[in-house]
Amino acid sequence: MRYVMVQIPKTPTPASPVPRSVPTSADVARLAGVSRATVSYVLNNTSAVRISEPTRRRVHEAAKELGYVPHAAARSLRAGHSRMVLMPAPTFPVGPLYTQFISELQWALGRLDYTVVQFGTVGLHGDEAARAWAELRPVAVLVPGSGLGPKDVTVLKRSGARAVVTLGPQAVEGAHALLMDHEAVGHCAGTHLYARGRRRIGVVVPGEPGLDAFSAPRLEGVRRALHGTDATVTDLPLAYEEDAAARLAARWRELDLDAVFAYNDEYAMLLMSALQDEGVAIPGETAVIGADDLMLGRLLRPRLSTVHIELPSGRDLAELVDRAVRNPGAAPETHTVLGASVVHRDSS
(Lines give C-alpha, C1' and ligand atoms only; values in the text may rest on other atoms or scores of the structure.)
Protein backbone atom coordinates (compact mmCIF):
# COMPACT_ATOMS: atom_id res chain seq x y z
CA MET A 1 0.00 0.00 0.00
CA ARG A 2 1.40 3.36 -0.97
CA TYR A 3 1.42 6.20 1.51
CA VAL A 4 1.37 9.78 0.34
CA MET A 5 2.82 12.45 2.62
CA VAL A 6 0.67 15.55 2.59
CA GLN A 7 1.93 18.68 4.26
CA ILE A 8 -0.83 20.70 5.92
CA PRO A 9 0.02 24.36 5.78
CA LYS A 10 0.16 26.13 9.09
CA THR A 11 -2.74 28.40 9.73
CA PRO A 12 -1.40 31.70 10.92
CA THR A 13 -2.43 32.57 14.45
CA PRO A 14 -4.83 35.49 14.28
CA ALA A 15 -3.33 38.58 15.72
CA SER A 16 -4.78 39.62 19.02
CA PRO A 17 -6.72 42.82 18.73
CA VAL A 18 -4.80 45.76 20.03
CA PRO A 19 -6.47 46.82 23.25
CA ARG A 20 -7.87 50.28 23.07
CA SER A 21 -6.17 52.67 25.41
CA VAL A 22 -8.22 54.03 28.27
CA PRO A 23 -9.23 57.63 27.48
CA THR A 24 -7.75 60.24 29.79
CA SER A 25 -8.71 63.74 30.80
CA ALA A 26 -5.98 64.99 28.43
CA ASP A 27 -7.84 63.32 25.53
CA VAL A 28 -11.06 65.02 26.60
CA ALA A 29 -9.25 68.36 26.88
CA ARG A 30 -7.81 68.04 23.34
CA LEU A 31 -11.17 67.10 21.81
CA ALA A 32 -13.04 69.87 23.66
CA GLY A 33 -10.31 72.45 23.03
CA VAL A 34 -9.84 73.31 26.71
CA SER A 35 -7.26 72.75 29.43
CA ARG A 36 -7.11 69.64 31.62
CA ALA A 37 -7.87 71.85 34.60
CA THR A 38 -11.13 72.95 32.92
CA VAL A 39 -12.06 69.30 32.31
CA SER A 40 -11.45 68.58 36.00
CA TYR A 41 -13.53 71.57 37.12
CA VAL A 42 -16.44 70.61 34.87
CA LEU A 43 -16.55 66.86 35.53
CA ASN A 44 -16.01 67.26 39.28
CA ASN A 45 -18.74 69.92 39.53
CA THR A 46 -16.35 72.39 41.11
CA SER A 47 -18.36 75.43 42.12
CA ALA A 48 -15.38 77.60 43.08
CA VAL A 49 -14.48 78.20 39.42
CA ARG A 50 -16.93 79.74 36.95
CA ILE A 51 -17.14 77.87 33.64
CA SER A 52 -19.42 79.06 30.84
CA GLU A 53 -22.32 76.81 29.84
CA PRO A 54 -21.05 76.30 26.22
CA THR A 55 -17.68 75.15 27.59
CA ARG A 56 -19.39 72.78 30.01
CA ARG A 57 -21.40 71.29 27.13
CA ARG A 58 -18.26 70.81 25.00
CA VAL A 59 -16.47 69.03 27.85
CA HIS A 60 -19.44 66.73 28.59
CA GLU A 61 -19.90 65.93 24.88
CA ALA A 62 -16.19 65.15 24.46
CA ALA A 63 -16.19 62.90 27.53
CA LYS A 64 -19.26 61.07 26.25
CA GLU A 65 -17.78 60.62 22.76
CA LEU A 66 -14.53 59.20 24.14
CA GLY A 67 -16.22 57.13 26.86
CA TYR A 68 -14.23 58.93 29.53
CA VAL A 69 -15.25 58.44 33.16
CA PRO A 70 -13.44 60.27 36.01
CA HIS A 71 -11.34 58.01 38.24
CA ALA A 72 -13.03 58.03 41.65
CA ALA A 73 -9.94 56.86 43.53
CA ALA A 74 -7.74 59.54 41.95
CA ARG A 75 -10.32 62.21 42.72
CA SER A 76 -10.46 60.99 46.33
CA LEU A 77 -6.68 61.27 46.66
CA ARG A 78 -6.75 64.84 45.37
CA ALA A 79 -9.64 65.84 47.64
CA GLY A 80 -8.37 63.98 50.68
CA HIS A 81 -11.64 62.04 50.97
CA SER A 82 -14.09 60.14 48.79
CA ARG A 83 -17.60 61.24 47.76
CA MET A 84 -19.08 57.85 48.61
CA VAL A 85 -21.91 57.65 51.13
CA LEU A 86 -22.26 54.08 52.36
CA MET A 87 -25.65 52.79 53.41
CA PRO A 88 -25.61 49.26 54.83
CA ALA A 89 -28.60 47.30 53.53
CA PRO A 90 -31.20 46.88 56.29
CA THR A 91 -31.22 43.52 58.01
CA PHE A 92 -35.00 43.77 58.36
CA PRO A 93 -37.70 43.55 55.66
CA VAL A 94 -38.36 46.97 54.13
CA GLY A 95 -41.65 48.10 52.69
CA PRO A 96 -42.70 50.63 50.04
CA LEU A 97 -42.52 53.58 52.45
CA TYR A 98 -38.84 52.99 53.31
CA THR A 99 -37.97 52.24 49.67
CA GLN A 100 -39.44 55.60 48.62
CA PHE A 101 -37.44 57.35 51.34
CA ILE A 102 -34.18 55.74 50.16
CA SER A 103 -34.87 56.73 46.54
CA GLU A 104 -35.44 60.35 47.56
CA LEU A 105 -32.27 60.33 49.67
CA GLN A 106 -30.16 58.95 46.82
CA TRP A 107 -31.51 61.61 44.46
CA ALA A 108 -30.81 64.40 46.97
CA LEU A 109 -27.25 63.19 47.68
CA GLY A 110 -26.62 62.85 43.95
CA ARG A 111 -27.56 66.51 43.51
CA LEU A 112 -24.83 67.31 46.05
CA ASP A 113 -22.30 65.23 44.06
CA TYR A 114 -22.26 62.22 46.40
CA THR A 115 -22.64 58.60 45.34
CA VAL A 116 -24.75 56.33 47.53
CA VAL A 117 -23.58 52.72 47.73
CA GLN A 118 -25.65 50.06 49.48
CA PHE A 119 -23.62 47.37 51.23
CA GLY A 120 -24.99 43.92 51.98
CA THR A 121 -24.65 43.07 55.66
CA VAL A 122 -25.80 39.43 55.70
CA GLY A 123 -23.87 37.61 58.43
CA LEU A 124 -22.04 40.76 59.61
CA HIS A 125 -22.75 42.34 62.98
CA GLY A 126 -21.28 44.98 65.29
CA ASP A 127 -17.52 45.43 65.08
CA GLU A 128 -17.20 43.01 62.15
CA ALA A 129 -19.72 44.99 60.11
CA ALA A 130 -18.14 48.35 60.99
CA ARG A 131 -14.71 47.12 59.85
CA ALA A 132 -16.16 45.84 56.57
CA TRP A 133 -17.73 49.25 55.93
CA ALA A 134 -14.52 51.04 56.92
CA GLU A 135 -12.51 49.10 54.32
CA LEU A 136 -14.42 50.92 51.57
CA ARG A 137 -13.28 54.30 52.93
CA PRO A 138 -16.65 56.10 52.64
CA VAL A 139 -16.89 59.79 53.46
CA ALA A 140 -20.15 59.12 55.32
CA VAL A 141 -22.09 56.13 56.62
CA LEU A 142 -25.87 56.05 57.14
CA VAL A 143 -26.86 53.16 59.40
CA PRO A 144 -30.54 52.12 59.49
CA GLY A 145 -31.89 50.36 62.58
CA SER A 146 -29.86 49.58 65.69
CA GLY A 147 -26.70 47.60 66.38
CA LEU A 148 -24.03 50.29 65.99
CA GLY A 149 -22.03 51.15 69.12
CA PRO A 150 -19.65 53.99 70.09
CA LYS A 151 -16.58 51.82 69.32
CA ASP A 152 -17.94 51.12 65.83
CA VAL A 153 -18.38 54.86 65.24
CA THR A 154 -14.73 55.36 66.25
CA VAL A 155 -13.58 52.65 63.79
CA LEU A 156 -15.47 54.35 60.97
CA LYS A 157 -14.15 57.80 61.78
CA ARG A 158 -10.55 56.58 62.02
CA SER A 159 -10.92 55.11 58.53
CA GLY A 160 -11.85 58.54 57.15
CA ALA A 161 -15.63 58.71 57.52
CA ARG A 162 -16.42 62.35 58.25
CA ALA A 163 -20.05 61.65 59.11
CA VAL A 164 -21.79 58.71 60.76
CA VAL A 165 -25.58 59.01 60.89
CA THR A 166 -27.89 56.52 62.60
CA LEU A 167 -31.61 56.11 61.86
CA GLY A 168 -33.18 54.33 64.79
CA PRO A 169 -34.78 54.52 68.22
CA GLN A 170 -31.65 55.63 70.13
CA ALA A 171 -28.71 57.97 69.68
CA VAL A 172 -25.18 56.54 69.56
CA GLU A 173 -22.26 58.44 71.09
CA GLY A 174 -20.22 60.20 68.42
CA ALA A 175 -22.82 59.82 65.65
CA HIS A 176 -25.50 62.11 64.30
CA ALA A 177 -28.91 60.65 65.16
CA LEU A 178 -32.28 60.68 63.47
CA LEU A 179 -34.54 59.32 66.19
CA MET A 180 -37.61 57.40 65.05
CA ASP A 181 -40.24 57.25 67.79
CA HIS A 182 -42.21 54.13 66.91
CA GLU A 183 -43.99 54.28 70.27
CA ALA A 184 -45.89 57.25 68.82
CA VAL A 185 -47.23 55.01 66.01
CA GLY A 186 -48.67 52.52 68.50
CA HIS A 187 -49.94 55.31 70.75
CA CYS A 188 -51.91 56.81 67.83
CA ALA A 189 -53.44 53.44 66.95
CA GLY A 190 -54.37 52.61 70.56
CA THR A 191 -55.89 56.04 71.21
CA HIS A 192 -57.95 55.82 68.01
CA LEU A 193 -59.34 52.35 68.76
CA TYR A 194 -60.26 53.33 72.33
CA ALA A 195 -62.02 56.47 71.07
CA ARG A 196 -64.04 54.25 68.70
CA GLY A 197 -65.37 52.34 71.70
CA ARG A 198 -63.06 49.31 71.46
CA ARG A 199 -61.93 47.76 74.73
CA ARG A 200 -60.41 44.33 73.91
CA ILE A 201 -57.52 45.24 71.63
CA GLY A 202 -55.03 42.90 69.99
CA VAL A 203 -51.63 44.04 68.70
CA VAL A 204 -49.86 42.06 65.98
CA VAL A 205 -46.20 41.31 66.72
CA PRO A 206 -44.47 40.25 63.46
CA GLY A 207 -42.50 37.03 63.43
CA GLU A 208 -40.00 38.20 60.81
CA PRO A 209 -36.43 38.62 62.10
CA GLY A 210 -35.29 42.21 62.57
CA LEU A 211 -38.71 43.79 63.02
CA ASP A 212 -38.71 43.62 66.82
CA ALA A 213 -36.88 46.98 66.95
CA PHE A 214 -40.04 48.51 65.49
CA SER A 215 -42.80 46.20 66.74
CA ALA A 216 -41.77 46.29 70.42
CA PRO A 217 -42.05 50.09 70.76
CA ARG A 218 -45.31 50.08 68.77
CA LEU A 219 -46.77 47.52 71.19
CA GLU A 220 -45.53 49.62 74.11
CA GLY A 221 -47.15 52.69 72.55
CA VAL A 222 -50.54 50.95 72.51
CA ARG A 223 -50.08 49.91 76.15
CA ARG A 224 -49.13 53.45 77.12
CA ALA A 225 -52.19 54.87 75.33
CA LEU A 226 -54.52 52.49 77.21
CA HIS A 227 -52.80 52.57 80.59
CA GLY A 228 -55.27 53.37 83.37
CA THR A 229 -58.34 52.71 81.18
CA ASP A 230 -60.77 49.79 81.17
CA ALA A 231 -59.22 48.39 77.96
CA THR A 232 -57.07 45.26 77.69
CA VAL A 233 -54.13 44.67 75.33
CA THR A 234 -53.27 41.24 73.89
CA ASP A 235 -50.11 40.70 71.86
CA LEU A 236 -50.58 38.48 68.79
CA PRO A 237 -47.41 36.87 67.34
CA LEU A 238 -47.92 36.45 63.59
CA ALA A 239 -45.66 35.36 60.74
CA TYR A 240 -46.21 37.05 57.39
CA GLU A 241 -47.78 33.94 55.85
CA GLU A 242 -51.31 33.14 54.70
CA ASP A 243 -51.39 29.91 56.74
CA ALA A 244 -50.32 31.71 59.90
CA ALA A 245 -53.00 34.37 59.40
CA ALA A 246 -55.62 31.68 58.75
CA ARG A 247 -54.68 29.88 61.99
CA LEU A 248 -54.99 33.09 63.98
CA ALA A 249 -58.31 33.97 62.35
CA ALA A 250 -59.68 30.47 63.10
CA ARG A 251 -59.40 31.10 66.86
CA TRP A 252 -60.35 34.78 66.72
CA ARG A 253 -63.67 34.42 68.48
CA GLU A 254 -62.00 32.42 71.26
CA LEU A 255 -59.66 35.37 71.79
CA ASP A 256 -62.69 37.64 72.24
CA LEU A 257 -61.05 40.71 70.69
CA ASP A 258 -63.05 43.60 69.26
CA ALA A 259 -60.11 45.46 67.64
CA VAL A 260 -56.59 44.91 66.34
CA PHE A 261 -53.63 47.13 65.54
CA ALA A 262 -51.90 45.00 62.93
CA TYR A 263 -48.36 46.56 63.11
CA ASN A 264 -48.52 47.91 59.53
CA ASP A 265 -50.77 47.95 56.46
CA GLU A 266 -49.28 44.78 54.96
CA TYR A 267 -49.94 42.73 58.10
CA ALA A 268 -53.37 44.39 58.40
CA MET A 269 -54.33 43.34 54.87
CA LEU A 270 -53.07 39.80 55.48
CA LEU A 271 -55.03 39.43 58.71
CA MET A 272 -58.14 41.22 57.48
CA SER A 273 -58.44 38.85 54.52
CA ALA A 274 -58.13 35.83 56.82
CA LEU A 275 -60.73 37.24 59.25
CA GLN A 276 -63.17 37.85 56.41
CA ASP A 277 -62.67 34.27 55.22
CA GLU A 278 -63.70 33.18 58.73
CA GLY A 279 -66.83 35.32 58.53
CA VAL A 280 -65.63 37.90 61.05
CA ALA A 281 -67.39 41.18 60.22
CA ILE A 282 -65.12 44.21 59.86
CA PRO A 283 -65.59 46.64 61.54
CA GLY A 284 -68.77 45.18 63.09
CA GLU A 285 -67.11 42.47 65.18
CA THR A 286 -63.51 43.63 64.95
CA ALA A 287 -62.02 47.00 64.03
CA VAL A 288 -58.70 46.88 62.14
CA ILE A 289 -56.03 49.55 61.80
CA GLY A 290 -52.60 49.35 60.16
CA ALA A 291 -49.72 51.79 59.64
CA ASP A 292 -47.79 53.31 56.68
CA ASP A 293 -50.84 54.59 54.72
CA LEU A 294 -50.16 52.50 51.61
CA MET A 295 -52.33 53.17 48.56
CA LEU A 296 -53.43 49.53 48.44
CA GLY A 297 -55.19 50.02 51.79
CA ARG A 298 -57.48 52.59 50.19
CA LEU A 299 -58.50 50.09 47.54
CA LEU A 300 -59.64 47.42 50.00
CA ARG A 301 -63.24 46.98 51.06
CA PRO A 302 -63.70 48.02 53.75
CA ARG A 303 -61.07 50.68 53.23
CA LEU A 304 -58.24 50.28 55.72
CA SER A 305 -57.75 52.72 58.58
CA THR A 306 -54.08 53.43 59.14
CA VAL A 307 -51.45 55.48 60.93
CA HIS A 308 -49.80 57.84 58.46
CA ILE A 309 -46.05 57.95 59.12
CA GLU A 310 -44.02 61.02 58.24
CA LEU A 311 -40.43 59.95 57.49
CA PRO A 312 -37.58 62.48 57.33
CA SER A 313 -37.14 64.32 54.06
CA GLY A 314 -34.40 62.80 51.91
CA ARG A 315 -33.31 66.32 51.06
CA ASP A 316 -32.98 67.31 54.75
CA LEU A 317 -30.94 64.18 55.51
CA ALA A 318 -28.69 64.81 52.49
CA GLU A 319 -28.06 68.34 53.75
CA LEU A 320 -27.20 66.97 57.22
CA VAL A 321 -24.67 64.60 55.64
CA ASP A 322 -23.17 67.44 53.60
CA ARG A 323 -22.88 69.69 56.67
CA ALA A 324 -21.13 66.94 58.60
CA VAL A 325 -18.72 66.18 55.74
CA ARG A 326 -17.81 69.85 55.42
CA ASN A 327 -17.39 70.28 59.19
CA PRO A 328 -16.42 66.89 60.68
CA GLY A 329 -15.44 68.44 64.01
CA ALA A 330 -18.92 69.80 64.74
CA ALA A 331 -20.94 68.33 67.62
CA PRO A 332 -23.29 65.50 66.54
CA GLU A 333 -26.84 66.60 65.77
CA THR A 334 -29.90 64.77 67.11
CA HIS A 335 -33.32 65.12 65.48
CA THR A 336 -36.62 63.38 66.18
CA VAL A 337 -37.95 62.84 62.68
CA LEU A 338 -40.85 60.38 62.69
CA GLY A 339 -44.34 61.89 62.81
CA ALA A 340 -47.54 59.86 63.20
CA SER A 341 -51.23 60.67 62.66
CA VAL A 342 -54.36 58.49 62.25
CA VAL A 343 -56.19 58.27 58.93
CA HIS A 344 -59.68 57.05 59.84
CA ARG A 345 -61.39 54.92 57.19
CA ASP A 346 -64.04 52.19 57.09
CA SER A 347 -62.20 49.32 58.80
CA SER A 348 -62.34 50.97 62.24
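Note that this is a predicted model, so its numbers are computed, not measured.

(A) Region of interest: the overall build of the protein. In terms of regular secondary structure, the protein is built from 14 helices and 12 strands. The buried share of the protein, reckoned over its 348 residues, is 44%. Taking all contacts inside the protein whose residues are at least 6 apart in sequence as the whole, residues at least 24 apart take part in 72%. Within the structure as shown, the protein displays about 19100 Å² of accessible surface, and the carbon and sulfur contribution to it stands at 52%.

(B) View of the pattern of salt bridges. Tallied over the entire structure, the rule returns 11 salt bridges. Measuring nitrogen to oxygen at the nearest pair gives 3.8 Å for the salt bridge that ties R298 to D293. For R298, a relative accessible area of 36% translates into the label partly exposed. Of the residues examined, D293 reaches a relative accessible area of 16% and is grouped as buried. If you follow the salt bridges from partner to partner, you end up with R200, D256 and D258 in one network.

(C) Structural view of a nonpolar patch on the surface. There is a patch of nonpolar side chains on the surface, built from M295, L296 and L299 and spanning about 340 Å² of accessible area. Within the element layout of this structure, L299 appears in helix α13 (residues 295-299).

(D) The arrangement of the confidence of the model for the protein in detail. A residue-level look at the protein finds 85% of positions with pLDDT of 70 or above and a mean pLDDT of 85. Per-element averaging of pLDDT across the protein places helix α4 (residues 72-79) at the bottom with 52 and strand β8 (residues 259-261) at the top with 98.

(E) Representation of the nonpolar core in the model. Ranked by internal contacts, the top residues of the largest apolar core, which has 43 residues, are V85, L109, L142, F261, L317 and V321. Setting aside residues no more than four positions away along its own chain, L109 makes contact with V85, Y114, V116, L142, A318 and V321.

(F) Here's a closer look at helix α1 (residues 25-32). For α1, the complete set of buried residues consists of S25, A26, V28, A29 and A32. Looking down the long axis of α1, one finds its buried residues gathered within 160° of arc, a one-sided arrangement. Buried residues belonging to α1 abut α2 (36-43) and α3 (53-66). Remark: G33 follows α1 within two positions and exhibits a positive phi of approximately 75°.

Each value, and the rule that gives it
- Residues numbered from 1 in each chain as written.
- Predicted model: local features only at pLDDT ≥ 70, side-chain atom pairs only at ≥ 80, totals over all residues.
- Heavy atoms only, no water.
- Helix = DSSP H or I, 4+ residues; strand = E, 2+ residues; numbered from the N terminus.
- Buried < 20%, exposed > 50% of the residue type's maximum accessible area, 1.4 Å probe, protein only.
- Contact = heavy atoms within 4.5 Å.
- Areas by Shrake-Rupley, 256 points an atom, 1.4 Å probe, with all protein chains shown as cover.
- Salt bridge = Lys/Arg side-chain N within 4 Å of Asp/Glu carboxyl O.
- Patch = residues over 30% accessible without salt bridge, like charges linked within 9 Å, V, L, I, M, F, W, Y side chains within 5 Å.
- pLDDT = per-residue confidence, 0-100.
- Core = buried A, V, L, I, M, F, W, Y, C linked by side-chain atoms within 4.5 Å.
- Arc of directions from axis to C-beta.

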